[in-house]
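# Secondary and tertiary structure notes
Each chain, written out:
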Amino acid sequence: MSRVQNVQELLAARMPDAIVEVRDMTGTDDHLAVLVASDIFIGKPLLDQHRLVMSHLQQQLDAAEVHAVRLKTVTLDSYHERQLKEDPR
Amino acid sequence: MNDESPRAHPFRIASHPAAVTGNGRPVGELEPDAPPLERVKRMVGSAGVFLFIKGTPEEPLCGFSANVLRIIDSLGVPYKTFDVLSDESIRVAGKEYADWPTFPQVYVRGEFIGGNDIVSELAAEGGLRLLVEGHEHG
């Protein structure tokens, strides 16, 4: 299984209410762009939102399986707004 | 946020831009023999904005460090940096102190704000300037 799939499934399992999108930024399967949309982020400072997601990826980061993660966290509402902007049809 | 192998760099705690303490020259720590966590605590509190980066403001050695330097530079406020590649004990203690696994790390008034992603996002939303100028918390 690729790390992209691995991280995708791991986050989806740990954060069942979340929409998780993982993208390989470099084609090397170890620099990942991760978008997590969840209402668990509502009212939490950005730092806490990132800490929460990164805590689930700690093992992969420690083992250096994943070298870099570009993380974006949003609420479900802003996720759907983003979708509308990206695809106005 | 990637961890290359440590590289040999002269110890330095640089002040930038040139107008602030030390006129842009490396500024020595008061007690470099203190325990690493204590040194980290003193360093992050030694400037309104403090950055742990890889490399120096003149020569950042990581794209993420270069990016936060560019962002902080654009605010036009004085800041200090420390090159974590120059001191393995500070590199380890910095991760522990912030409870954050990677560098760069940005502190405002001694409080950990985040790494590249968070600082980029705060900057894009305008929140970083408010935070640095003391109008807003967290």
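To start, this report covers the structure provided alongside it. (Residues numbered from 1 in each chain as written. Chains lettered and ligands numbered in written order. Predicted model: local features only at pLDDT ≥ 70, side-chain atom pairs only at ≥ 80, totals over all residues. Heavy atoms only, no water.)

### Some words on the overall build of chain A
Tallying secondary structure elements over chain A gives 3 helices and 3 strands in all. The C-alpha atoms of chain A give a radius of gyration of 13 Å, which matches the 12 Å a tight globule of 89 residues would have. The 89 residues of chain A split such that 40% are buried. For chain A, the share of sequence-separated contacts (at least 6 apart) that also reach a separation of at least 24 residues comes to 57%. Accessible surface computed for chain A: about 5000 Å², of which carbon and sulfur atoms make up 50%. Computed over 10 positive and 14 negative side-chain charges, the inter-centroid distance for chain A is 5 Å. (Helix = DSSP H or I, 4+ residues; strand = E, 2+ residues; numbered from the N terminus. Rg over C-alpha atoms; globule rule 2.2 N^0.38 Å. Buried < 20%, exposed > 50% of the residue type's maximum accessible area, 1.4 Å probe, protein only. Contact = heavy atoms within 4.5 Å. Areas by Shrake-Rupley, 256 points an atom, 1.4 Å probe, with all protein chains shown as cover. Lys, Arg positive; Asp, Glu negative; His and termini not counted. Charge placed at Lys NZ, Arg CZ, Asp CG, Glu CD.)

### Points about the interface of chain B and chain A
Between chain B and chain A, the contact holds 16 residues from the first and 15 residues from the second. When the two sides are added together, the surface that chain B and chain A hide from each other amounts to roughly 1300 Å², 60% of it contributed by carbon and sulfur. Here chain B and chain A share 3 salt bridges between them. For Lys72(A), the salt bridge goes to Glu121(B), with nearest N and O atoms at 3.1 Å. Across the chain B-chain A interface, the total number found is 4 residue pairs in polar contact (both at pLDDT 80 or more). Of all the secondary-structure elements, those providing two or more residues to the side of chain B that touches chain A are strand E5 (111–114) and helix H4 (116–125) of chain B. Ranked by residues supplied to the side of chain B that touches chain A, first place goes to H4(B) with 5 residues. When the residues that make up the side of chain B that touches chain A are grouped by side-chain class, the tally is 9 nonpolar, 4 polar and 3 charged. (Buried area = accessible area lost by both parts, 1.4 Å probe. Salt bridge = Lys/Arg side-chain N within 4 Å of Asp/Glu carboxyl O. Polar contact = N/O pair within 3.5 Å; in protein donor to acceptor, adjacent residues only side chain to side chain. Nonpolar A, V, L, I, M, F, W, Y, C, P; charged D, E, K, R; others polar.)

### Let's talk about the pattern of salt bridges
All told, the structure shown has 6 salt bridges over all chains when counted by the stated rule. We note a salt bridge from Arg51(A) to Asp99(B), for which the minimum N-O separation is 3.8 Å. Pair noted here: Arg51(A) is in helix H2 (residues 46–62) and Asp99(B) is in the loop between helix H3 (88–98) and strand E4 (105–108), and the two residues belong to different chains. Looking at Asp99(B), the relative accessible area reads 56%, which means it is exposed. Taking the shortest distance from any N to any O, the salt bridge between Glu133(B) and Arg129(B) comes out at 3.4 Å. Residue Glu133(B) and its partner Arg129(B) are both found in helix H5 (residues 127–133); the two are separated by 4 residues, about one turn of the helix. Accessibility expressed as a relative area gives 42% for Glu133(B), which makes it partly exposed. Arg129(B) sits in the partly exposed class, given a relative accessible area of 36%.

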